[in-house]
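Secondary and tertiary structure notes
Chain by chain, the residues run as shown.
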Amino acid sequence: MNNLSFVFDSVYKITCFLICVIACFACALSAAERAKIGKLSDTALQEAQSHGAYRFGRTIKGGAHTNGSWSGGSLPALALAGYTGNQAAGSECVNRMKKILEGKNSPTATGGYPAQHELLFAGSAVILKNTPELWTLFSKTEQEKIDLVVKALLVASAYTTSDTNYTGGAKPTCMHGGSNFHRGWNPNFREGMIGMLLVAGCYFGPKEAQEILDTYKHDEFVSKLNNAGLSNTHETFTFHQQQSKAPTGKQIEKAAHQFRYLGNTIHDPMGLYEGLTRNTFGKTVHAGLNDGKGIKGAGKIASGADGLPNIGKPGMLLEFDSRDAGGARSSAGYASHGFRPNLINQAALICSGHWKKGKVANELIALIDVGATDLHYKLKYGYLNYSKGKASKNPTTLDDNRFDHRLVHALWEDVLKPFHKQKASAQKSKKNGQLRAKPAKQAKSIDESSYPTFLGHLQSKLDAYMKTSKRDVRYTSSVLKQEVAIQSKEGSNYKLHVPKMGTTMTINIFKKMKKSDALSLCKAIANKNADHDNALLSYFYYANNDSVNGSFHLNKAGEHKELVNQHLSK
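All values derive from a computational prediction rather than experimental measurement. (Residues numbered from 1 in each chain as written. Predicted model: local features only at pLDDT ≥ 70, side-chain atom pairs only at ≥ 80, totals over all residues. Heavy atoms only, no water.)

**A word on the confidence of the model for the chain**
Definition in use: The pLDDT value expresses, per residue, how confident the predictor is, ranging between 0 and 100. Note on contacts: a residue pair is in contact if any heavy atoms of the two residues lie within 4.5 Å.
In the predicted model, the chain carries a mean pLDDT of 80, and the fraction of residues at 70 or more is 71%. Per-residue pLDDT stays below 50 along residues 1-14; that stretch engages in 16 contacts with residues further than four places along the chain or on separate chains. Predicted confidence is poor over residues 17-33, with pLDDT under 50, and the contacts of this stretch with residues over four places away or in other chains come to 42 contacts.

Below, the structure is given as structure tokens:
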């Protein structure tokens, strides 16, 4: 082997090792993040399991196109349980999803009122796709079917929320020609229809989801739905043949290609969530309409008004003080059907890595916490609903078997709220106006047993080569970052510097690098046709919650695919 070949061979091995190091540290961070999402209590988990599977269909009575409108929260609950390490619950969710993928059970994807219930399927798909040990329980064909269903849900909701269909006060139709909906109506419409844009962005990636709309080809997509045997979904996308008021393929294409929601694309899922949340939790807390007196004895809490917490604070669910075709509306049932999809939207953001910390997030969480507490209290003491001009005689309570109130509340209290509380506590750096002392950092030895086993055969040669370096001290993280910044134009410069750094110095520098810098480096130096490199890139992407690129490289990882999954599941 000549000297030049030796250098390039060594550099290749070093870069593979560095990608592995990055992946190991990234995976550790990801595992910590997943651990911060709380786990469902045994009681809540048992409730989720007791509801059983559910399905979709246009002919199912009630207008929701599903037999699980009251208990559908069980699906994402099981998915979240699987995400936090409960393999049995996660596997059960996968099996229920597989049943829904059977043609006559698949979502109808009309883009209207049923979207809030179809969101439970799409949200669960996001959670499972970001849980590699569960996602791989689906066959490739089943994964492709889920892709098609989520794409159909995206296109349908884009059609019913697109500015093009509301211009000049136009009254839009949904995908099967119905008109009993509007993107500006109460949260039980908005959270599903607009939330579906958000969730699809989490599933495919925001940029990729927008590209799906920009390049949508109706005839080609309909053919794929038919070939996949997704008969319910296929029927909707060809419904113009049965109902002239349903949109034609050209109309669907136009709405997709020109899609904007209030002038915006779907590149900012967190922004969409902010708009939804400020509306869904947009009232101040009170005991009922008319200063707690209600209307016709309803539209108010049945008892316990004196002890209602947070009176006067913002965050009460809008549906406790809203309007419908019959006038004033104050309903715990409708409030719940804004609360549940909002939590699923939030879970999709968190599990896919699109949740953005900061002032806005803190404001939203404060509103939700008030709203969740208020809803739970009112259900505990019973709430007399008033909607569509009618007063209920019997209060809705936590034990009402038409709803999954306790389970949905557990999704907030057990799973999502702990995530935000730990995030907030980790950010505190001051106490009583004084800076808190930071503990001194101690160097830790590298645990080589944590390396993915598919790189084990490189370690001994790599370590031997790195020990020959005597010039590592002069190369700091800033130098390396400069090289990363120019690597796209002068990648060879980077490759010449790397061999001059010792193993420890190299690892310490990479630990200090921004994920974006490390990712740019990985993408620049990896051989995308090599199984080893694809395995490492997949490992890195999944650990950083980018399931789209993670899945792409995992499919090209050859015999190393299963090993990647094993390490990600640890």
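So, next bit.
**Looking at empty space enclosed by the protein**
Put simply, the rule reads: In the cavity and pocket records, a cavity denotes points on a 1 Å grid over the protein atoms alone where a 1.4 Å probe fits but cannot get out, a pocket denotes an open set with protein on both sides within 12 Å along at least 5 of 7 lines, and lining residues are residues with an atom within 4 Å of a point. Grid points are joined across faces, edges and corners, and a volume is the space filled by probe spheres set on the points. Three residue categories are used. Nonpolar comprises Ala, Val, Leu, Ile, Met, Phe, Trp, Tyr, Cys and Pro, charged comprises Asp, Glu, Lys and Arg, and polar comprises the others, including Gly.
Applying the stated rule across the entire model yields two cavities of 30 Å³ or more. Counted as a void, the largest cavity has a volume near 100 Å³. For the lining of the largest cavity, a count of residues per class yields six nonpolar, five polar and two charged.

**Notes on helix H14 (residues 332-351)**
What counts, and what does not: Think of it this way: any DSSP run of H or I at least four residues long counts as a helix, any run of E at least two long counts as a strand, and we number them from the N terminus. To estimate how far a helix should reach, multiply one less than its number of residues by 1.5 Å. With a 1.4 Å probe rolled over the protein chains alone, any residue whose accessible area is under 20% of its type maximum counts as buried; one over 50% counts as exposed, and the rest are partly exposed. We define a polar contact as two N or O atoms separated by no more than 3.5 Å, with the added condition that, inside protein, one atom must be a possible hydrogen donor and the other a possible acceptor, whereas residues neighbouring each other in sequence contribute only through side-chain atom pairs.
In this model, H14 (20 residues) spans 28 Å end to end at C-alpha, consistent with the 28 Å of a helix rising 1.5 Å per residue. By the criterion of burial, H14 is predominantly enclosed, with 20 of the 20 residues buried. Between a side-chain oxygen at the N-terminus of H14 and the backbone nitrogen of Gly333 the separation is 3.2 Å; the capping residue is Ser331. Two residues or fewer past H14, Gly353 is found with a positive phi of approximately 85 degrees.

**Brief notes about the packing of aromatic side chains**
The condition that has to hold: The rule is short: rings of Phe, Tyr and Trp, with Trp giving its six-membered ring, pair when the centres are within 6.5 Å, and they are stacked under 30 degrees, edge-to-face over 60, tilted in between. A ring has a charge above it when a Lys NZ or an Arg CZ is no more than 6 Å from the ring centre and no more than 35 degrees off the ring normal.
Under the criterion given, the structure shown has twelve aromatic pairs. Note on Trp185 and Phe189: the rings are 5.2 Å apart at their centroids and 90 degrees apart in plane angle, and the pair reads as edge-to-face. Residue Phe189 is classed as buried on the basis of its relative accessible area of 10%. Ring centres of Tyr377 and Tyr381 lie 4.6 Å apart, and the angle between their planes is 35 degrees; this geometry places the pair in the tilted category. One end of the pair, Tyr377, and the other, Tyr381, are both in helix H15 (residues 359-381), four residues apart, so they sit about a helical turn from each other. Given the relative accessible area of 15%, Tyr377 is considered buried. Between the NZ or CZ atom of Arg183 and the centre of the ring of Tyr166, over which it lies, the distance is 4.2 Å.

**Examining helix H2 (residues 42-51)**
An α-helical turn contains 3.6 residues, so a residue and the one three or four places further along point in the same direction. The following threshold applies: To be clear, the arc concerns the directions from the helix axis to the C-beta atoms.
Residues of H2 that are buried: Ala44, Leu45, Glu47 and Ala48. An end-on view of H2 places all buried positions within 155 degrees of arc, on one side of the element. Of the residues in H2, the exposed ones pointing more than 90 degrees away from the buried face are Asp42, Thr43, Gln46 and Ser50. Gly52, located one to two residues past H2, shows a positive phi value of around 80 degrees.

**Quick notes on the nonpolar core**
As a reminder of what qualifies: Put simply, buried Ala, Val, Leu, Ile, Met, Phe, Trp, Tyr and Cys residues joined by side-chain atoms within 4.5 Å make one nonpolar core.
One finds Met97, Phe121, Leu128, Ile146, Phe237, Phe339 and Trp355 to be the most contacted residues of the largest nonpolar core, which totals 114 residues. Here the element with the most residues in this core is helix H7 (residues 140-161); it accounts for eleven residues. Discounting residues that sit within four places of it in the chain, Phe339 has contacts with Phe281, Leu317, Ile368, Ala372, Leu375, Val408, His409 and Trp412. Within the second largest apolar cluster, six residues are counted, among which are Ala115, Tyr166, Phe181 and Met193.

**Things to note about the layout of surface pockets**
Its volume calculated, the largest pocket comes out at about 890 Å³. Lining the largest pocket we find 46 residues, and of these Tyr113, Asn188, Arg329, Tyr334 and Lys388 sit closest to its centre. If you list the elements that add at least two residues to the lining of the largest pocket, you get helix H5 (115-129), helix H8 (187-204), strand E4 (322-324), H14 and strand E7 (386-387). In terms of residue count, the dominant contributor to the lining of the largest pocket is H14 (three residues). Along the lines of polarity and charge, the residues of the lining of the largest pocket split into 13 nonpolar, 25 polar and eight charged.

**A look at unusual backbone geometry**
Notably, His65 is not glycine yet its phi reads approximately 60 degrees, a positive angle. When you line up the elements, His65 lands in the loop between H2 and helix H3 (74-83). A residue is classified by how much of its surface remains accessible, and His65, at 7% relative accessible area, is buried. Even without being a glycine, Ala109 presents a positive backbone phi close to 55 degrees. With respect to the helices and strands, Ala109 occurs in the loop between helix H4 (87-100) and H5.

**Focus on the environment of Lys390**
Counting through the fold element by element, Lys390 comes out in strand E8 (residues 390-391). The exposure class of Lys390 is exposed, given its relative accessible area of 63%.

**As for the side chain of Glu319**
Checked against the element boundaries, Glu319 lands in the loop between strand E3 (314-316) and E4. Aside from chain neighbours lying at most four places away, what touches Glu319 is Asn186, Pro187, Asn188, Arg329, Ser330, Ser331, Tyr334 and Ala335.

**Here's the deal with the side chain of Asn105**
With respect to the helices, strands and loops of the structure, Asn105 is situated in the loop between H4 and H5. Among residues more than four places away in sequence, those in contact with Asn105 are Arg55, Phe56, Lys99, Ile100 and Asn232.

**With respect to the pattern of salt bridges**
We count it as follows: For salt bridges, the criterion is a side-chain nitrogen of Lys or Arg within 4 Å of an Asp or Glu carboxyl oxygen.
Counted under the stated rule, the structure contains 16 salt bridges. For Arg278, the salt bridge is made with Glu363, and the minimal N-O distance between the two is 2.6 Å. Taken together, the residues Arg278 in helix H13 (residues 269-280) and Glu363 in helix H15 connect sequence positions 85 residues apart. Here Arg278 falls in the partly exposed class, since its relative accessible area comes to 34%. Under the relative-accessibility criterion, Glu363 is labelled partly exposed at 31%.

**Overview of the environment of Phe281**
Position of Phe281 among the secondary structure elements: in the loop between H13 and strand E1 (283-284). Beyond its immediate chain neighbours, meaning those up to four positions away, Phe281 contacts Gly315, Met316, Leu317, Phe339, Asn342, Leu367, Ile368 and Gly371.

**Examining the packing of H8 against helix H9 (residues 206-214)**
Under the convention used in this document: The angle between two axes is taken between their N-to-C directions and runs from 0 to 180 degrees, where each axis is a line fitted to C-alpha atoms and a helix contributes only its stretch in contact. Orientation labels follow simple angle bins: below 35 degrees gives roughly parallel, above 145 gives roughly antiparallel, 65 to 115 gives roughly perpendicular, and whatever is left gives oblique. Helix crossings fall into two classes, left-handed where the near helix is turned counterclockwise from the far one by less than a right angle and right-handed where it is turned clockwise.
Between H8 and H9, the least distance of the axes is 6 Å, while the angle of their chain directions is 110 degrees. As summarised for this structure, H8 and H9 are arranged roughly perpendicular, according to the angle between their axes. As for the relative orientation of H8 and H9, their crossing is right-handed in sense. The residues of H9 that touch H8, namely those facing Ala200, Gly201 and Phe204, are Pro206, Glu208, Ala209 and Ile212. Of the residues that constitute the contact of H8 with H9, the class distribution is five nonpolar, one polar and one charged.

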